[in-house]
Structure formats: C-alpha cells, structure tokens
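Commentary on secondary and tertiary structure
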Amino acid sequence: MPTAFRARRIITLAGERAAVSPGELDASLRSVDNAVLLEKDGVILGVEEYAVFRRRLSGAFSLHDLGPVCLAPALINAHCHLELSHLAGKTRLGEGFVPWLASLMPLARTVPGEEEAVSAALRCLKDSGVGHCADVESRLPGLICELALREWQGNAVYPFTHFLELIGFSPPPAAEGEDVEEALRAGDWFSPAAASLPVPASEHCALSGHALYSTAPEALQAAHAWCRRRGRVFSLHLAESPEEDECLRSGSGALRDLLRGFQPSPFPEWKGGPVDRAEHLGLLDAFTLAVHCVRLTPRDRRTLAERKSAVCLCPRSNAAIGVGRAKAREAAASGILLCLGTDGLCSTPDLDMQNEMAAARDMYSLSARAVLRLASINGAAALRLESLGSLEKGKAAVFSMLREEFARELFYSDSG
Ligand SMILES: [Zn+2]
C-alpha cells in the first residue's frame, strides 16, 4: 500500500543536477505547497499538491500528516569520524592543527563506553535530517554498521558510506595493479573488523587515505585505483593546515616534528602545495572527494575543477581547530563541486547537519539555498548516490525536515 506524507511545503530540487556555480547554488528552489510525497516500498511515486492528490488517487493509501513543516531532500553528511565520538571535549582546540593532532593521537583508540558515544552521535545525525553519512573508519566499522542499521531502521536506502582509512608508511597494501582487497583482508592496513563488514555495509565501503603527510603515496594510489575500478569514491584530507604545506615542502616543521617517528626519514620534499602533490600522484579525478581544502590557491581551484574532484567543506571543525576558513565562494565560482560535512566530535561541537548548514551560511557568506544544495544534491553527487539528492519520482523516499527559521529564509527573497 502506498504511503503519503503530507507537509506544508516540500522542496523537491526535482530535475536538478549538482550545483557547480554561484548561479546554480542560489537558484530558486522548486517546491510544492500543501503537498504530499507519495511512496511505495521506499521509492517515491511523486510529489504533488494535496488537493490534486486527493482528486486523483483512488484505492487505499496510508496518510501521515506531518503538520506545518518543510520537507527537503535527505541531508548528506559527506565527512565524519564517528569512531572519535568519545573524544568530544577532550582535544585541544583553538590553538591550530598540530596541538590538536598531538592531543588526539594518544586518545584515538578503543575505550570502554565508546559504543554509547557512537550511539548518541548517530542519533544526533539522524535527528538533524541526515539520510546518508560518509564516515571515515579504521577501528569500528562493524559496530557503526550495526548501530546505523538500528538507528535508520526501515530506511529506503543504506544510510552510510564506510570510508576504510589507510594510514601509515609501511609497505603499500599491494603491488601495482594488484587488488588491495587481499591486503585489506589480511589486516595489515585495517583492523580485521574492517575486512569482515557485514553485508550490506560491505557494498557501501570505499577507501580513504588519511593525508599526504600520513599515508604512503603508493597506498594512496592503490586505494584510489581500487575505488575507481569499482565506481566508488576515494577520499582524503587535503590542504587543511599551514603545517601540512610546510611538512610537504620542506620535510620539516611542527607537523614533521610530531610525526617524526611515524613518517619515513628523511621525509621526501615536494616543491609544491598539497593539491599539486595529489595531482602529481594521480589522485585527483571525478572519483575523489577532497576534505577541508581550507588553503587553496587560484591554481589549486582550477586543478580541482578541471579534474572534477569534489570538495567537502567542514566549516565548524576548521574554526574549532583554528586552521582558518575555506574560500567557499571562490571555490564555487571556480566550478568545484562543493558539499558539506560535520567532521568528528573531536573537532566539532555536535553532528547536527542543520547546525553545520547554518555555520556554512554565516562563515562563508552563502545563501540558505546554496547551503541546502551543498548538503543535499551536491553531497549526493559527490558520493555518487544516485537515489538521493532530490525528491522526485523514482528516487528513494528519504527526506529531511528543515527547522522553521532556516526554511523561512530559503524563500525570503522570493516573497520580499
Ligand atoms: Zn576528517
């Protein structure tokens, strides 16, 4: 039997593609007032005015009147670290990247009670309208999968991309051209838990490299190739801090000092910035999601746009750590596909995606419409989630409920 969800307004973004220019980001929103979203078996049959729906539909259906609310496509959190949820309030913030990382490193391990912290974090994500979360994981993918399936029970689509993270400089996971999967299963690079994720999570796994300064280049290349072969997204932290630049350029500095025992010696110098380095390694293409990109030169922006790599912005995390603010407007004007992520509780106050959207609007001076698109249709495009991003016939029946104040702002310039 079909189910009809009735709401005061439904923003559909129907027929839209990812917005990759300021004009596309700010365009008027397609929406239907006093509307219903009709779905069957998790698939949207249509979105239309309630009056039209009543006249047209014969036969049984179940009606859920959600009241005077504004529905929008499911929100997509494109970067998170749920397994660091127990570090909320325990890391050094506001002093820059290296003090933060130094405070995090000894704490990023299994501790009693972390399941509760992950559960609470998942609930916050879900309550804020997140229908899909791209989560970077190395220790707890099995647990996160289990808890996510419980929290999003009955969801029309699997709610996670599990980015299994490669970190370290031990020999690369496989010889060139070989499959990383064997090494993954052998547990050299991932915990055994990561290699035995239950279905359907295993179909929703991708690989991420931690960063250029913390993961062997051969491993990054192998992981990128593994993802590309399977049509999956490869992710890495990129251009987040000045210390990252310094470490790559000179093989010295505070980040190098912190990671001296972990990195190879000497650390190979690279006469360019992180984006140049990623480009040189062949890591930038339409399968790559670069996270943070706080420090992009005009040339970096051109490179990312030309390569059609997506960029995930994490404004509150960058502000909390004290690494500065991404130039989101310039990135949008360059034609980069931008999306939005909360990052983990080790660097952000909560995983509420609507709080992240409000912060992105304020910190980047973007319109409410632009950040809604970053957090929905663009996130879906960046993560290659074809059934999400808009509410229209044939897409998954997964939606978010926007908070009143934000919803009003989306239509403010239309009425006034
Ligand atoms: Zn991160």
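Treat the numbers as computed from the prediction; the structure is a model and nothing was measured. (Residues numbered from 1 in each chain as written. Predicted model: local features only at pLDDT ≥ 70, side-chain atom pairs only at ≥ 80, totals over all residues. Heavy atoms only, no water.)

Turning our attention to the packing of helix α4 (residues 114-127) against helix α5 (residues 141-151). Two numbers describe how α4 lies on α5: the axes approach to 10 Å, and their chain directions differ by 45°. The angle between α4 and α5 falls in the class oblique. For α4 against α5, the interelement crossing comes out right-handed. When α4 is examined against α5, the residues Glu115, Val118, Ser119, Leu122, Arg123 and Lys126 are found in contact with a partner set consisting of Leu143, Ile144, Leu147, Ala148 and Glu151. (Axes fitted to C-alpha atoms, helices over the stretch in contact; angles between N-to-C directions. Helix = DSSP H or I, 4+ residues; strand = E, 2+ residues; numbered from the N terminus. Parallel < 35°, antiparallel > 145°, perpendicular 65-115°, else oblique. Left-handed = near helix turned anticlockwise from the far one by under 90°. Contact = heavy atoms within 4.5 Å.)

Geometrically, the link from Ser265 to Pro266 is a cis peptide bond, its omega value of -5° lying close to zero. Relative to the elements of secondary structure, Pro266 occurs in the loop between α10 (254-259) and α11 (274-280). Despite not being glycine, Asn34 has its phi angle at roughly 40°, a positive value. Residue position: Asn34 is located in strand β2 (residues 31-40). You can call Asn34 partly exposed: its relative accessible area is 39%. In this structure, Ser365 is a non-glycine residue whose phi angle is positive, near 50°. With respect to the helices and strands, Ser365 occurs in the loop between α15 (353-364) and α16 (368-374). (Buried < 20%, exposed > 50% of the residue type's maximum accessible area, 1.4 Å probe, protein only.)

Our next topic: the domain arrangement of the chain. As assigned here, the chain comprises domain 1 (3-73 + 398-415) and domain 2 (75-382). The centre of domain 1, based on its C-alpha atoms, is set 31 Å off from the matching centre of domain 2. Taking both sides of the interface into account, the surface hidden between domain 1 and domain 2 amounts to around 2300 Å²; carbon and sulfur atoms contribute 59%. It is Leu25, Arg403 and Phe406 that lose the most area in domain 1 upon contact with domain 2, and together they represent 27% of the buried surface on that side. Connecting domain 1 to domain 2 are three salt bridges. Scanning the region where domain 1 abuts domain 2 turns up 15 residue pairs in polar contact (both at pLDDT 80 or more). (Domains from an automatic or database assignment. Buried area = accessible area lost by both parts, 1.4 Å probe. Salt bridge = Lys/Arg side-chain N within 4 Å of Asp/Glu carboxyl O. Polar contact = N/O pair within 3.5 Å; in protein donor to acceptor, adjacent residues only side chain to side chain.)

Around the zinc ion, the protein supplies His79 (NE2), His81 (NE2) and His237 (NE2) as donor atoms, at distances of 2.0 to 2.1 Å. One chain supplies every donor for the zinc ion, spaced along it as H-x1-H-x155-H. Here His79 is found in strand β6 (residues 75-80), whereas its partner His237 is found in strand β10 (residues 234-238), with 158 residues between them in sequence. Across this residue pair, the class does not change: His79 and His237 are buried. (Donors = N, O, S within 2.8 Å, 3.2 Å for Na, K, Ca; no water.)

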